[in-house]
Amino acid sequence: MKEISKKIYVKESKTHGKGIFALKNIKKGETIFIIKGKKINFLINNKKQAEIAGFNWIGFGKNEWIDPTNYGLYLNHSCNPNSAIKGRVVVIAIRNIKKGEEITFDYSLNEADIFWHIKCHCGSRNCRKTIKSIQFLPYKIFNKYKLHIPEYFKKVFKKFNISNFKNLKDLQNEWISFIKKDFSV
Ligand SMILES: [Zn+2]
């Protein structure tokens, strides 16, 4: 067990590897930590590219991720999260968090790579089992967390939600032509 800040510390998580835990009670709306790391500019237009992408990257904007160097590395997914990203890098509590509770985050709210998916074993009653990017998020969940979804990802959801397309292939084609536009390294 290693203390890394006043509000949180890192230890083994029940759900996935290491996790971040509350060192004390944290109130709804409070800043928990700031994500630090290197900004990555990367085009993910097929499965192979998606596999090259870092497992710990956190979505930031169009073709942009942060490769976290601090607590962001240990922020685990939950389908019933208690934190969200405000703006682009500030992790805030979206409900009161009790001392000892794991800090979790819904990765779908900040991920637009349509080739990305992970299996989830978070144990929440509303667990989605397979976690995908925001284009596949059910409207019900989008509306529930709308206040906590960064502007870029809100736009992506509205324009590229799977329900706007005939099938997955159509979404893929439209999405890839969107991300290829003005992509620069
Ligand atoms: Zn889950």
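Parameters and conventions
- Residues numbered from 1 in each chain as written.
- Predicted model: local features only at pLDDT ≥ 70, side-chain atom pairs only at ≥ 80, totals over all residues.
- Heavy atoms only, no water.
- Helix = DSSP H or I, 4+ residues; strand = E, 2+ residues; numbered from the N terminus.
- Buried < 20%, exposed > 50% of the residue type's maximum accessible area, 1.4 Å probe, protein only.
- Contact = heavy atoms within 4.5 Å.
- Salt bridge = Lys/Arg side-chain N within 4 Å of Asp/Glu carboxyl O.
- UniProt positions renumbered as here; feature names shortened; annotations may be inferred.
- Pairing = 2+ DSSP bridges.
- Axes fitted to C-alpha atoms, helices over the stretch in contact; angles between N-to-C directions.
- Donors = N, O, S within 2.8 Å, 3.2 Å for Na, K, Ca; no water.
- Tetrahedral: all angles 85-135°; square planar, octahedral: opposite > 155°, others 65-115°.
- Phe/Tyr/Trp six-rings, centres within 6.5 Å; stacked < 30°, edge-to-face > 60°.

The name an unreviewed UniProt entry gives the protein chain is SET domain-containing protein.

Draft legend 1. Highlighting the side chain of E64. With respect to the secondary-structure elements, E64 resides in strand β7 (residues 64–68). On the basis of relative accessibility, which here comes to 16%, the residue E64 falls in the buried class. Excluding residues that lie within four positions of it along the chain, E64 makes contacts with K39, I40, N41, G59 and R88.

Draft legend 2. Geometry of the pattern of salt bridges. For the structure shown, the criterion picks out six salt bridges. Across the pair E64 and R88 runs a salt bridge whose closest N-O atoms are separated by 3.2 Å. A residue pair is termed long-range when its members are at least 10 positions apart, and E64 in strand β7 and R88 in the loop between β9 (83–86) and β10 (90–93) qualify at 24 residues. Among the salt bridges present, the one from R128 reaches D106, with a minimum N-O distance of 3.0 Å. Of this pair, R128 sits in the loop between β12 (117–119) and β13 (130–132) while D106 sits in the loop between β11 (102–105) and β12, and the two are 22 residues apart along the sequence.

Draft legend 3. Expanded view of helix α3 (residues 151–160). Turning to α3, its buried residues number three or more, namely Y152, F153, K154, V156, F157 and F160. Residues of α3 that are buried in the fold lie against β6 (58–61), α2 (139–145) and α4 (168–180).

Draft legend 4. Broad picture of the UniProt feature "domain: SET" (unreviewed entry) in the protein chain. Under the UniProt annotation, the feature "domain: SET" (unreviewed entry) is placed at residues 6–108. Note that residues 6–108 is 6% helix and 41% strand, and that its end C-alpha atoms are spaced 28 Å apart.

Draft legend 5. Layout of the UniProt feature "domain: Post-SET" (unreviewed entry) in the protein chain. This chain's UniProt record puts "domain: Post-SET" (unreviewed entry) on residues 116–132. Each end of residues 116–132 is marked by a C-alpha atom, and these two atoms are 6 Å apart; helix forms 0% of the span and strand 35%.

Draft legend 6. Summary view of the sheet that holds β6. Pairing is antiparallel in the open sheet, where three strands are placed in the order β5-β7-β6. The sheet terminates laterally at β5 (37–41) and β6, the two strands that pair on one side only. Strand-to-strand twist in this sheet, taken as the mean axis angle between neighbours without regard to direction, amounts to 35°.

Draft legend 7. Structural context of the environment of F160. Considering the arrangement of structural elements, one finds F160 in helix α3. The class for F160 is buried, based on a relative accessible area of 3%. Beyond its immediate stretch of four places on either side in the chain, F160 contacts Q135, F165, L171, E174, W175 and F178.

Draft legend 8. Structural view of the coordination of the zinc ion. The zinc ion binds to the protein through C79 (SG), C120 (SG), C122 (SG) and C127 (SG), with metal-donor distances spanning 2.3 to 2.4 Å. Given four donor atoms and angles of 103 to 113° at the metal, the environment of the zinc ion is assigned as tetrahedral. Taken in chain order, the donor set of the zinc ion reads C-x40-C-x1-C-x4-C.

Draft legend 9. The packing of aromatic side chains, seen in detail. Following the criterion strictly, the structure yields twelve aromatic pairs and no others. Relative to F153, the ring of Y152 has its centre 5.1 Å away and its plane inclined at 75°; by these criteria the two rings are edge-to-face. What makes F153 buried here is its relative accessible area of 1%. Residues F160 and F165 carry aromatic rings whose centres are separated by 6.4 Å and whose planes lie at 5° to one another, so their mutual orientation is stacked. In this pair, the class of F160 matches that of F165, namely buried.

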